[in-house]
Protein chains: 2
Amino acid sequence: MRLLIAEDDKLHRAFLKGVAEEVLTDDLEMVEAEDGQVALDAFLDAPFEAVILDLQMPHVTGVDVAKRIWARHTSTRILFWSNYADEAYIRGITRIVPPEAVYGYVLKTTPEDRLKMAIQGVFQADQCVIDREVRGVQQRSSDRVSSLTDLEYEALVDLSLGLTDKAMAARRRVSLRGAQSRLQHLYQKLGLDKSDIPVGDWGPSFNSRTRAISVAISRGLLNADALRQEEADLQAWLKKKI
Amino acid sequence: MRLLIAEDDKLHRAFLKGVAEEVLTDDLEMVEAEDGQVALDAFLDAPFEAVILDLQMPHVTGVDVAKRIWARHTSTRILFWSNYADEAYIRGITRIVPPEAVYGYVLKTTPEDRLKMAIQGVFQADQCVIDREVRGVQQRSSDRVSSLTDLEYEALVDLSLGLTDKAMAARRRVSLRGAQSRLQHLYQKLGLDKSDIPVGDWGPSFNSRTRAISVAISRGLLNADALRQEEADLQAWLKKKI
DNA sequence: CTAAGTTTTGCGGGTTCCCGCAATTCGGTT
DNA sequence: AACCGAATTGCGGGAACCCGCAAAACTTAG
């Protein structure tokens, strides 16, 4: 079996290598990459059947890598291995996983034996193995009432990038009122109306626009990685627009 | 020598322990903590002369721990050990380090030999050892023109928490116009005026208020940890205010 | 085809925000 | 004492934002 390990932290990479060697006894060809780009290069050079991906890597994130890999071979089994169970990541992944693909999601904090079981499950038994903590977030993020729709998420992104209503309207090709309407739905979904406790005499405490970003970030709906990614997309769009 | 290691990641903790044992040959008493709170408890139980602190830990961050430690013993030498060189961390640390204290700041990505040198430098030679990458950020964050003053930083925090101008004014005990004025300075410092390229006919692209948060986050001036911390402070203030 | 649900749009007005101008205060300096 | 830079405050106007109401457009089943 050919296994690709993409992880920027030296220690974790070595650890993964050790565990994989221990669990996957049959003849194993392993390649390590300390960056998303070199992982992709290695894969395009000669495909792998199994991949372990860290999600947070500089430049090219794990989600990007997975997307490109699955675009070519949906049969490749991928085990995601991440620090956090941020909704930003979960959303990114569930958007790109092909219906028939096999994958796993394990947090770095889980004990070693569960990691071993995940490796076996995904790479040998063709099962999807997802940590309980992650599963909880995933559940919530596919729930009709508490989760954001794609449109609302788009609005959140534009908002967090600092765009004006007008700019959002232009970017998403809707009217000004349309953009504002999406924002309104977003505010509602994030529960901004309830949390606003007007204390004393100085009226409403929170500005919906900025408060939305605040709760989105502390909920892990958005993180610095995702923001940088979206910023790049925005710049690309701006350039094309000129 | 008594050494306390606070780090939530198992692998990194074990690694640190190994390196420390190797470098500090004289008789060594080591205690490990996987959380800021237990680290603090251990320290209050019996002080340490040397501490290695991860900055990002759940609940009680490394900066918090350092603050409490130095409040009791300024002679304790602390080595910070972190994933990122975010200005949010740097600022947090430089605010609390006593003038005579000895400390170090090493990134997790630096090679092992440099970590060893840092451990020796800080714990045995009483030198301050700071990684080059970190030093760069530190420089910038104490520069008069590009860095934020404390007032501007306060404004950034309030802004990112989602407060209105009025609420900021109440919290910081200034007039409404005063709060707005601080915001204005903040916007200027973040360079929001220059980056606003009005493209085509749909006018200004960016909303200063939200754009400020965006650039602050992507610059690492603010991160999710710091935000959660400040959110707690805000809630405490709100409670007291009622 | 119809019905229910979601999304978009226009209108309107009340609020908040952004910021230039000018006056004032408050350390710290020469 | 005179001065300077930084911070604060009031005023005022133009722009942006928030949102309720109601009508259209579009989607998705039954």
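Keep in mind the model is a prediction, meaning the values are calculated, not measured. (Residues numbered from 1 in each chain as written. Chains lettered and ligands numbered in written order. Predicted model: local features only at pLDDT ≥ 70, side-chain atom pairs only at ≥ 80, totals over all residues. Heavy atoms only, no water.)

## Looking at the relation of the copies chain A and chain B
- For the pair chain A and chain B, the relating rotation is 180 degrees, the translation along its axis is 0.0 Å, and the fit reaches an RMSD of 0.0 Å. Between the two chains, the operation in question is that of a two-fold axis. Within chain A, Thr-210 of chain A has its C-alpha nearest the rotation axis, a separation of 3.1 Å. (Least-squares fit on C-alpha atoms with pLDDT ≥ 70 in both.)

## Notes on the domain arrangement of chain A
All names here are of chain A.
- When its domains are assigned, chain A resolves into domain 1 (2-141) and domain 2 (150-237).
- Here the C-alpha centre of domain 2 lies 31 Å away from the C-alpha centre of domain 1.
- Counting residues at the interface gives nine residues for domain 1 and nine residues for domain 2.
- Taken together, both faces of the contact between domain 1 and domain 2 bury some 790 Å²; the carbon and sulfur share is 41%.
- Counting the surface domain 1 buries against domain 2, the share from its top three residues, Glu-87, Ala-88 and Arg-91, is 52%.
- At the junction of domain 1 and domain 2, the tally comes to two salt bridges.
- The shortest N-O distance in the salt bridge between Asp-150 and Arg-91 comes to 3.3 Å.
- Summed over the shared surface of domain 1 and domain 2, the result is six residue pairs in polar contact (both at pLDDT 80 or more).
- The greatest single-element share of the side of domain 1 that touches domain 2, amounting to five residues, is contributed by helix α4 (residues 87-96).
- Classifying every residue of the side of domain 1 that touches domain 2 by side-chain character gives two nonpolar, two polar and five charged. (Domains from an automatic or database assignment. Contact = heavy atoms within 4.5 Å. Buried area = accessible area lost by both parts, 1.4 Å probe. Salt bridge = Lys/Arg side-chain N within 4 Å of Asp/Glu carboxyl O. Polar contact = N/O pair within 3.5 Å; in protein donor to acceptor, adjacent residues only side chain to side chain. Helix = DSSP H or I, 4+ residues; strand = E, 2+ residues; numbered from the N terminus. Nonpolar A, V, L, I, M, F, W, Y, C, P; charged D, E, K, R; others polar.)

## Considerations on the pairing of strand β3 (residues 50-54) of chain B
All names here are of chain B.
- The buried fraction of β3 amounts to five of the five residues, a majority that puts the element mostly inside the structure.
- Across the two faces of β3 the burial is the same, with Ala-50, Ile-52 and Asp-54 and Val-51 and Leu-53 all buried.
- Pairing analysis gives four bridges linking strand β1 (residues 2-6) to β3, with the strands arranged parallel. Directly across from Ala-6, in β3, lies its bridge partner Leu-53.
- Relative to strand β4 (residues 77-82), β3 runs parallel, the two sharing five bridges. Pairing of Leu-53 across the sheet is with Phe-80, part of β4.
- As for the winding sense of the linkage, the β-α-β connection from β3 through helix α3 (residues 62-72) to β4 is right-handed. (Buried < 20%, exposed > 50% of the residue type's maximum accessible area, 1.4 Å probe, protein only. Pairing = 2+ DSSP bridges. Right-handed = clockwise from strand over helix to strand, strands pointing away.)

## A few points about the interface of chain A and chain B
- If you look at the interface, chain A gives 42 residues, while chain B gives 42 residues.
- For the pairing of chain A and chain B, the buried interface totals around 3300 Å² over both sides, and the portion due to carbon and sulfur atoms is 64%.
- Where chain A meets chain B, there are two salt bridges.
- Salt-bridge contacts for Glu-231 of chain B lead to Arg-211 of chain A; the nearest nitrogen and oxygen are separated by 3.1 Å.
- In this assembly, chain A and chain B are joined by 14 residue pairs in polar contact (both at pLDDT 80 or more).

## Structural notes on empty space enclosed by the protein
All names here are of chain B.
- Applying the stated criterion across every chain, the model contains five cavities of 30 Å³ or more.
- Quantified by volume, the largest cavity comes out at close to 60 Å³.
- Leu-151, Glu-154, Ala-155, Asp-158, Met-168, Arg-172, Val-174, Ala-179, Arg-182 and Leu-183 together form the lining of the largest cavity.
- Looking at which element gives the most residues to the lining of the largest cavity, the answer is helix α7 (residues 150-161), with four residues.
- Taken together, the residues of the lining of the largest cavity break down into six nonpolar, no polar and four charged. (1 Å grid on protein atoms, 1.4 Å probe; cavity = no way out; pocket = protein on both sides within 12 Å on 5 of 7 lines; lining within 4 Å. Points joined across faces, edges and corners; volume = space filled by probe spheres on them.)

## Quick word on the nonpolar core
- Counting residues in hydrophobic clusters, the biggest one holds 58 residues, and the most contacted among them are Leu-159, Leu-186 and Leu-190 of chain A together with Leu-159, Leu-186 and Leu-190 of chain B.
- In this view, Leu-159 of chain A contacts Met-168, Leu-183, Leu-186, Tyr-187, Arg-209, Ala-212 and Ile-213 of chain A together with Thr-210 of chain B; residues no more than four positions away in its chain are not counted.
- Core analysis: the second largest hydrophobic core is formed by 31 residues, Ala-6, Ala-39, Ile-78 and Leu-107 of chain B among them. (Core = buried A, V, L, I, M, F, W, Y, C linked by side-chain atoms within 4.5 Å.)

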